[in-house]
Amino acid sequence: MSFLPTQYHIVRIGTGSEPLSKSQKEFNRLTQKIEQLTADLHELRGVSGHIQQRVQSDYHPLLDQYCRLQADLVRLFDRAYVHEDITNTDKKKLAELIRSMASDLISVHGIDALRSIYDKYDIPEFDDNQNQQLASIQEARSDTAEGDEDYITQQEAAEAERQRQRAKKPKSAKQLEREAKKKADEQKTTKAVRTLYMDLVKAFHPDREPDEAEKLRKTEIMHRVIAAYEKSDLLALFRLQLEFERIDQAHLEALAEEQLTYYNKILRQQAQELDAEFLVLQKDLATMTGKSTFTAGSLVGFEFSLNSDIAQLKRDIKQLKQDVKALASISVLRQWLKSYR
């Protein structure tokens, strides 16, 4: 499926049988990668809106209902804990259930109203010997932490001294040469993008255009030019030049090796940024859907999985309603606790 505009200009060097240089092949590889990543991002963003709507409208309300019923069960266990017919064995099981369920409902689902109940069961009861052992362990941990802190402080001081010594040491001729070359490369790379930008600005700046219709057309073009330049989108600037015939295929073929070197650096950085953006969006969608990975092509699979999850959640809600009603009886609760491990 293609998400490229109808008038989308493919930027490639070498449409004939002439052999390409290494830099030309790299240029083509990078432009192709950027085009594919751009299309994939466009598709994934469209999928994201649909997914978010379904999760919010169909899944979350059911999940909230399920969590409220679990909270009701925690409160039921809390009330039963003090009932005269509940044995010590039953109490241990109830306390464990309350701690486990309430902890999840508070930390994961944000039901802070259960905090007061959780706090009552959060501290385990110890005999005197266990309390003494616990105190000894805590004291030992404290001593170890203090020792670690002193060691870390010494390390930090030593590292600071090393950095000061390095700062005092004059840079070698090779270091200065590398830094100068890096700075020159950065300036040339910036200039490479700005050259394309200024060519388009000179051609389409609307301020001196007397014809109103043409002025409006140039204004719209300039919006696209400025947007591409602000993002350092070299490929978009090339497309604009091809679209409005500022350059032609012969111009691309004639690009000097030095120009290609700096263009390729820009394209490589652009591809890396798009890769990072794609991974972030994938991660966000995976978090939203509860899946380990998510790609645009898995939308059908997601729909099937979500429908399955919704159906299961509805069954769980039905069962939980029955459990809350049945376990309100102390005799039923005690019988149920016998099977709980």
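Above this text is the structure in question.
Residues numbered from 1 in each chain as written. Predicted model: local features only at pLDDT ≥ 70, side-chain atom pairs only at ≥ 80, totals over all residues. Heavy atoms only, no water.

K.L.:
Tell me about the overall build of the protein chain, and name the residues and values.
P.N.:
Counting its secondary structure elements, the protein chain contains 11 helices and zero strands. N-terminal to C-terminal, the α/β element order of the protein chain is α-α-α-α-α-α-α-α-α-α-α. Within the protein chain, the proportion of its 341 residues that are buried is 32%. Split by element, the accessible area of the protein chain, about 22700 Å² in all, is 51% carbon and sulfur. (Helix = DSSP H or I, 4+ residues; strand = E, 2+ residues; numbered from the N terminus. Buried < 20%, exposed > 50% of the residue type's maximum accessible area, 1.4 Å probe, protein only. Areas by Shrake-Rupley, 256 points an atom, 1.4 Å probe, with all protein chains shown as cover.)

K.L.:
So, the pattern of salt bridges: which residues are in play, and what are the values?
P.N.:
Within this structure, the stated rule accounts for 11 salt bridges. A salt bridge links K33 to D275; the shortest N-O distance between them is 3.2 Å. With K33 in helix 1 (residues 22-81) and D275 in helix 9 (residues 257-289), the pair connects residues that are 242 residues apart, well separated along the chain. Given the relative accessible area of 27%, D275 is considered partly exposed. The network of salt bridges with common partners includes E26, R29 and R268. (Salt bridge = Lys/Arg side-chain N within 4 Å of Asp/Glu carboxyl O.)

K.L.:
How would you sum up helix 2 (residues 88-107)? Please name residues and give values.
P.N.:
Over its 20 residues, helix 2 runs 28 Å from end to end, which matches the ideal 28 Å to within 8%, given 1.5 Å per residue. When helix 2 is considered as a whole, its buried residues turn out to be D90, K93, L94, A95, L97, I98, M101, A102, L105 and I106. In this fold, the buried residues of helix 2 make contact with helix 1, helix 3 (115-121) and helix 11 (330-338). (Expected span 1.5 Å × (residues − 1). Contact = heavy atoms within 4.5 Å.)

K.L.:
Explain the packing of aromatic side chains to me, and be specific about the residues and the numbers.
P.N.:
For any pair of aromatic rings, geometry is given as the distance between the ring centres together with the angle between the planes. All told, the structure shown has six aromatic pairs when counted by the stated rule. Here F77 and W336 contribute two aromatic rings whose centre-to-centre distance is 5.9 Å and whose plane-to-plane angle is 20°, an arrangement assigned as stacked. Here F77, found in helix 1, pairs with W336, found in helix 11; they are 259 residues apart in sequence, far enough to count as distant. On the basis of an interplanar angle of 20° and a centroid distance of 6.2 Å, the ring pair of W336 and Y340 is categorised as stacked. A relative accessible area of 34% places W336 in the partly exposed class. The ring of Y81 carries K91 above its face, with NZ or CZ at 5.4 Å from the centroid. (Phe/Tyr/Trp six-rings, centres within 6.5 Å; stacked < 30°, edge-to-face > 60°. Lys NZ or Arg CZ within 6 Å of the ring centre and 35° of its normal.)

K.L.:
Provide a residue-level description of the packing of helix 1 against helix 2, including the pertinent values.
P.N.:
Packing of helix 1 against helix 2 brings their axes to within 10 Å, and their N-to-C directions diverge by 150°. Taken together, the axis directions place helix 1 and helix 2 in an arrangement best described as roughly antiparallel. Crossing of helix 1 over helix 2 shows left-handed handedness. Residues C67, Q70, A71, L73, V74, F77, D78, A80 and Y81 of helix 1 form the contact with helix 2, whose participating residues are K91, L94, A95, L97, I98, M101, A102 and L105. For the contact of helix 1 with helix 2, the per-class residue count stands at 14 nonpolar, one polar and two charged. (Axes fitted to C-alpha atoms, helices over the stretch in contact; angles between N-to-C directions. Parallel < 35°, antiparallel > 145°, perpendicular 65-115°, else oblique. Left-handed = near helix turned anticlockwise from the far one by under 90°. Nonpolar A, V, L, I, M, F, W, Y, C, P; charged D, E, K, R; others polar.)

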